[in-house]
Amino acid sequence: MLRKGFFQLFFLILLFSGCIYAQSSESPLQVKASLNPIKLVMGDQAEMKITVENPKNAILFFPSAQNNEGLSKEIEILSFRIDTSFNEKKEIAAVTETLILTSFTEGQHEINGLSVRYQYPDDTTIYEAAIDPMFIHVTAIAVDTTKAIKDIKSIQKEPVTFREILPYLLAIPAIGLILLALVYAIKRYKANKPLIPLPVKPPLPAHQIALRDLETLRLKKLWQNERVKEYYTELTDILRSYMTARYGFSAAEMVSDEIIDELGKVGELNKELIPKMIKVFQTSDLVKFAKSMPLPDEHDACLQTAVSFVKQTIPQIQTEPESKQTETTITEVKE
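Residues numbered from 1 in each chain as written. Predicted model: local features only at pLDDT ≥ 70, side-chain atom pairs only at ≥ 80, totals over all residues. Heavy atoms only, no water.

**Re the sheet that holds strand β4 (residues 59-61)**
Read from one edge to the other, the open sheet built from three strands follows the order β4-β8-β9, with strand pairing classed as antiparallel. Each edge of the open sheet carries a strand with a single partner, namely β4 and β9 (127-130). Ignoring strand direction, the axes of neighbouring strands in this sheet form an average angle of 25°. For strand β8 (residues 115-119) and β9, the ladder comprises four bridges, and the chain directions are antiparallel. Looking at the pairing, S115 lines up with A130 of β9. (Pairing = 2+ DSSP bridges. Helix = DSSP H or I, 4+ residues; strand = E, 2+ residues; numbered from the N terminus. Axes fitted to C-alpha atoms, helices over the stretch in contact; angles between N-to-C directions.)

Here is the structure:
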């Protein structure tokens, strides 16, 4: 009895599970199809939509466009796309395939044999939902047979407009400017000059340069560090450069006596400065050539003499007296 009851229970379990499987696997899908328009001229296009509602977890196989599946040879599938919509629970609500159809054969053509195949997970069976037949009516292009047949017209040339020529007219000066800019850039490059000339800062006056260099020499403290010869060499070089820029003779290439002779020829120079400059150059020559060692006071005295010489020989800007200008203006008015 126990063994018999066990087999009965096992049979009921198998029967119950088989019923559930059949219900879940054979539940049909809701498939809808529409065609718009149903009438078209030869070569025009129609849109066919196949919609599967509430597919749940079914795997769908729509008609393929590669081999014109389900359609007659008079109808062609140009393209297709598949869109999916979702419900509020973010579950798939519907899947739609849109087919673009056309035909180049006149007549009424039946769209029959289309179906959507589907399969459920863990089920090897492939089910099929057929689509009801539809018809599409294709008409030829209307031709008026009462008129004579005319030859195909030859290709006619359209007149050229100014708007079409304008880009070429603008391109000519643009190319010319580019070539000129290229030639200019090459010349500047070969001359080792910048492509765009920058404004050059005017040089400092000679007296400002000399006074700046003398102050730099003082701050170096060369003679204080037993670099006496270097001190006098820089001092006389500063004076030579200043005299060359101020009076125009090549003081850098002259010996001390020649420099003193040239200073004596300068008419505007204060004659009291010449003995002082002689002292500076003589002291410098003794240090550089006779290895003389002046006293510290002489070092400062030579530097102060150089500063005084530069300051007293600064060019004076000639300005016309204001009274003379007023007098000239009054004379012109009277005339």
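**Quick notes on the side chain of R188**
Here R188 shows up in helix α2 (residues 162-190). No salt bridge is formed by the buried R188; its nearest oppositely charged neighbour, D213, is found at 28 Å. (Buried < 20%, exposed > 50% of the residue type's maximum accessible area, 1.4 Å probe, protein only. Lys, Arg positive; Asp, Glu negative; His and termini not counted. Salt bridge = Lys/Arg side-chain N within 4 Å of Asp/Glu carboxyl O.)

**Observations concerning a nonpolar patch on the surface**
Residues V160, F162, I165, L166, L169 and L170 make up a contiguous nonpolar surface patch of roughly 560 Å² in combined accessible area. Locating F162 in the fold gives a position in helix α2. Its relative accessible area of 57% is what places F162 among the exposed residues. (Patch = residues over 30% accessible without salt bridge, like charges linked within 9 Å, V, L, I, M, F, W, Y side chains within 5 Å. Areas by Shrake-Rupley, 256 points an atom, 1.4 Å probe, with all protein chains shown as cover.)

**So, helix α5 (residues 256-264)**
Restricting attention to buried positions, one finds in α5 the residues S256, I259, I260 and L263. What you see down the axis of α5 is that its buried residues fit within an arc of 100°, all on one side. Every exposed residue of α5 that faces more than 90 degrees away from the buried side is listed here: D257 and D261. Of the surrounding secondary structure, the elements contacted by the buried residues of α5 are α4 (228-247), α6 (273-289) and α7 (296-312). (Arc of directions from axis to C-beta. Contact = heavy atoms within 4.5 Å.)

**Here we look at the packing of helix α3 (residues 206-220) against α7**
Between α3 and α7, the shortest axis-to-axis distance is 10 Å and the interhelical angle comes to 165°. When the axis of α3 is compared with that of α7, the two are roughly antiparallel. Of the two possible hands of crossing, α3 and α7 adopt the one that is left-handed. Of the residues in α7, those in contact with H207, A210, L211, L214, L217 and R218 of α3 are L303, A306, V307, V310 and K311. A class-by-class count of the residues in the contact of α3 with α7 yields eight nonpolar, one polar and two charged. (Parallel < 35°, antiparallel > 145°, perpendicular 65-115°, else oblique. Left-handed = near helix turned anticlockwise from the far one by under 90°. Nonpolar A, V, L, I, M, F, W, Y, C, P; charged D, E, K, R; others polar.)

**Re α3**
With 15 residues, α3 should reach 21 Å at 1.5 Å per residue; the first-to-last C-alpha distance of 21 Å fits that figure. For α3, the secondary structure elements touched by its buried residues are α4 and α7. At the exit of α3 stands K221, carrying a positive phi of roughly 55°. (Expected span 1.5 Å × (residues − 1).)

**Examining the environment of I92**
Positionally, I92 belongs in strand β6 (residues 92-102). Residue class for I92 comes out partly exposed when judged on its relative accessible area of 33%. Separated by 36 residues in the primary sequence, I92 and K56 have C-alpha atoms spaced 6.6 Å apart. Residues contacting I92, with those up to four places away along its chain left out, are N54, P55, T84, S85 and F86.

**Brief notes about the packing of aromatic side chains**
Within the structure shown, the criterion is met by six aromatic pairs. Between the aromatic rings of Y118 and Y120, the centroid separation amounts to 5.9 Å while the plane-to-plane angle is 85°, which identifies the pairing as edge-to-face. Y118 sits in the buried class, given a relative accessible area of 4%. Ring centres of Y118 and Y127 lie 5.7 Å apart, and the angle between their planes is 25°; this geometry places the pair in the stacked category. Ring pairs connect the aromatic residues Y118, Y120 and Y127, which therefore count as one cluster. (Phe/Tyr/Trp six-rings, centres within 6.5 Å; stacked < 30°, edge-to-face > 60°.)

**Considering the environment of Y120**
Take Y120: it is sitting in the loop between β8 and β9. With relative accessibility at 11%, the residue Y120 sits in the buried group. The spatial distance from the C-alpha of Y120 to the C-alpha of P55 is 10.0 Å, given a sequence separation of 65 residues.

**Here's the deal with the packing of α6 against α7**
The contact between α6 and α7 brings their axes to 10 Å, and the two run at 135°. Classed by the angle they form, the pair α6 and α7 counts as oblique. In this structure, α6 crosses over α7, and the sense of that crossing is left-handed. Between α6, through L273, K276, M277, K279, V280 and T283, and α7, the contact on the second element is made entirely by E298, C302, T305, F309 and Q312.

**A look at the nonpolar core**
If you look at the biggest cluster of nonpolar residues, it comprises 34 residues, and the most contacted ones within it are L235, M243, L263 and F309. At the level of secondary structure, the elements contributing two or more residues to this core comprise α3, α4, α5, α6 and α7. Among the elements that make up this core, the one with the highest residue count is α4 (nine residues). Residues contacting F309, with those up to four places away along its chain left out, are L239, Y242, M243, Y247, L263, L269, L273 and M277. With 25 residues, the next largest nonpolar core counts L29, I75, V95 and L99 among its residues. (Core = buried A, V, L, I, M, F, W, Y, C linked by side-chain atoms within 4.5 Å.)

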